Amino acid sequence: MTHSGYDNKSKFVVDTILAMHFKLDQFMYDLVHCSHYEIIIYLWIQNLYHKGKSCEEAVQLIYRARNLFLLGKKPKSCASFYPKAS
């Protein structure tokens, strides 16, 4: 899906951040100051925008990815990214 215009992308980013219950000004402050968590979330939002996902879909996918990422679970589809146990 092709997205046109900067305003649409900005609106998608802002709507997704707010839907995730982040304070927009604090999120952007942390992003600018290279906070790793906010950078990862922002990159995921950008990626989902380019894939044509809706804001609601993006929030659900980010919640799932965040839980897998933070909890260290190994999803079956990403098993090749993890080293095999000896």
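Up top you'll find the structure we're talking about.
Keep in mind that this is a model prediction, so the values were computed, not measured. (Residues numbered from 1 in each chain as written. Predicted model: local features only at pLDDT ≥ 70, side-chain atom pairs only at ≥ 80, totals over all residues. Heavy atoms only, no water.)

(A) A look at a nonpolar patch on the surface. A cluster of nonpolar side chains, namely F69, L70 and L71, defines an oily patch on the protein surface of about 360 Å² accessible area. You can see F69 is positioned in helix α4 (residues 55-71). (Patch = residues over 30% accessible without salt bridge, like charges linked within 9 Å, V, L, I, M, F, W, Y side chains within 5 Å. Areas by Shrake-Rupley, 256 points an atom, 1.4 Å probe, with all protein chains shown as cover. Salt bridge = Lys/Arg side-chain N within 4 Å of Asp/Glu carboxyl O. Helix = DSSP H or I, 4+ residues; strand = E, 2+ residues; numbered from the N terminus.)

(B) Layout of the pattern of salt bridges. Within the structure shown, the criterion is met by one salt bridge. Between K11 and D15 there is a salt bridge whose closest N-O contact spans 3.0 Å. Here K11 pairs with D15, and both are found in helix α1 (residues 6-19), just four residues apart, close to one helical turn.

(C) Up close: the nonpolar core. One finds I41 and I45 to be the most contacted residues of the largest nonpolar core, which totals 15 residues. Contributing elements (two or more residues each) for this core: α1, α2 (24-32), α3 (36-50) and α4. Look past the residues within four positions of I45 in its chain and what remains in contact with it is F12, V13, T16, I17 and I62. (Core = buried A, V, L, I, M, F, W, Y, C linked by side-chain atoms within 4.5 Å. Buried < 20%, exposed > 50% of the residue type's maximum accessible area, 1.4 Å probe, protein only. Contact = heavy atoms within 4.5 Å.)

(D) Region of interest: the side chain of T16. Within the element layout of this structure, T16 appears in helix α1. On the accessibility criterion, T16 (0% relative accessible area) is buried. If we ignore the near neighbours within four places in the chain, the residues touching T16 are I45, C55, A58, V59 and I62.

Distances and angles like these do not, on their own, reveal function.
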